[in-house]
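# Working through the structure, step by step
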Amino acid sequence: MKLLSKVMLLSLVLLVPATAWAADESMIKWTFVEAGYVDLDADTGNLVDSKADGWFVGGSFGWKMLHFFADYQDTSGKDYDQTAYDIGVGWNGLLGDKADLYFDVAYTNEEFELTSGIPTPASSNKVDESGYFVRGGARWRPIKLFELEGNIFYADVVDSNTGYFLQGMFHIWRVGIGANWTSVSSNDTIGVFARFNFM
């Protein structure tokens, strides 16, 4: 079932946006696919090296004032591997062609596995938890070539935490190149990515 759910997730990320070629006058695009590199500094305690890096892929399909999104992230470090995926829906609008407020809710799953020879029971070396998150934020594109985004989110998966997300992106034609920063609890993630926007 886990393999099937991941296959369905990637199918949604890669194939659904391809149906959305209708013209959109707004400068804020909600139908896109993206992929990138992530660098994670997680609070995993004193027994393991908290550094990890990896990749992610994601996408969104916009329809009127709604958007449907999914993403998958895979990171690994010296002492542990971590994967996560989200599937959700959100509302956007109110601020005109150059900016949008948005509110999202999503199902999320996280797997964390210690891979080093730490002397702990095997059952405690792996965590597989599901939960949800909600977030609210804004996207603003003051000029055609540049966009800013920020949000505050609450996630309840392994623990309940509130976090923050900031992102900047340069646009050239339908392609966006950007960087983001996420902070939740004592975990910080920095990402760089490329995005293709569908019209």
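Residues numbered from 1 in each chain as written. Predicted model: local features only at pLDDT ≥ 70, side-chain atom pairs only at ≥ 80, totals over all residues. Heavy atoms only, no water.

With that out of the way, let us pick up the side chain of Asp104. Inspection of the secondary structure puts Asp104 in strand β5 (residues 99-114). A polar contact of 2.6 Å, which involves the side chain of Asp104, links it to the side chain of His67. Excluding residues within four positions of it along the chain, Asp104 makes contact with His67, Phe69, Val89, Gly90, Trp91, Phe133, Val134 and Arg135. (Helix = DSSP H or I, 4+ residues; strand = E, 2+ residues; numbered from the N terminus. Polar contact = N/O pair within 3.5 Å; in protein donor to acceptor, adjacent residues only side chain to side chain. Contact = heavy atoms within 4.5 Å.)

The next thing to look at is the pattern of salt bridges. Across all of its chains, the model carries 4 salt bridges by this definition. A salt bridge links Asp104 to Arg135, with the shortest nitrogen-to-oxygen separation between them at 2.7 Å. On the criterion of sequence distance, the pair formed by Asp104 in strand β5 and Arg135 in strand β6 (residues 126-143) is long-range, its members being 31 residues apart. (Salt bridge = Lys/Arg side-chain N within 4 Å of Asp/Glu carboxyl O.)

The next thing to look at is unusual backbone geometry. Positive phi, close to 55 degrees, is recorded for Lys64, a residue that is not glycine. Among the structural elements, Lys64 can be located in the loop between β2 (51-63) and β3 (66-77). For Trp173, which is not glycine, the phi torsion reads 55 degrees and is therefore positive. Mapped onto the elements of the fold, Trp173 is located in the loop between β8 (160-172) and β9 (175-184).

The next thing to look at is the sheet that holds strand β1 (residues 32-41). Within the closed barrel, the 10 strands sit side by side as β1-β2-β3-β4-β5-β6-β7-β8-β9-β10. Their pairing is antiparallel. Taking the axes of each pair of neighbouring strands and ignoring which way they run, one obtains an average angle of 20 degrees across the sheet. In terms of strand pairing, β2 meets β3 through 12 bridges, oriented antiparallel. From the neighbouring strand, Ala52 faces β3, where its bridge partner is Gly77. (Pairing = 2+ DSSP bridges. Axes fitted to C-alpha atoms, helices over the stretch in contact; angles between N-to-C directions.)

With that settled, consider the packing of aromatic side chains. Evaluation of the coordinates by the stated rule reveals 9 aromatic pairs. Ring geometry for Phe146 against Phe170: centres 5.0 Å apart, planes inclined by 50 degrees, an arrangement best described as tilted. Of the two residues, Phe146 sits in strand β7 (residues 146-156) while Phe170 sits in strand β8, which places them 24 residues apart along the sequence. Judged by its relative accessible area of 22%, Phe146 falls in the partly exposed class. An aromatic cluster of at least three residues, connected via ring pairs, comprises Trp173, Phe196 and Phe198. Cation over ring: Arg135 sits above Phe69, and NZ or CZ is 4.8 Å from the ring centre. Its guanidinium or amino end placed over the ring of Trp30, Arg139 lies 4.5 Å from that ring's centre, counting from NZ or CZ. (Phe/Tyr/Trp six-rings, centres within 6.5 Å; stacked < 30°, edge-to-face > 60°. Buried < 20%, exposed > 50% of the residue type's maximum accessible area, 1.4 Å probe, protein only. Lys NZ or Arg CZ within 6 Å of the ring centre and 35° of its normal.)

Let us look at the pairing of β5. Where strand β4 (residues 80-93) meets β5, 14 bridges bridge the pair, whose relative direction is antiparallel. Across the sheet, residue Gly93 finds its bridge partner in β5, namely Leu101. In sequence, β4 turns back onto β5 through a hairpin of 5 residues, with Leu94 there showing a positive phi of about 85 degrees. Relative to β6, β5 runs antiparallel, the two being bridged by 15 bridges. Counted as the bridge partner of Ala99 is Trp140 from β6.

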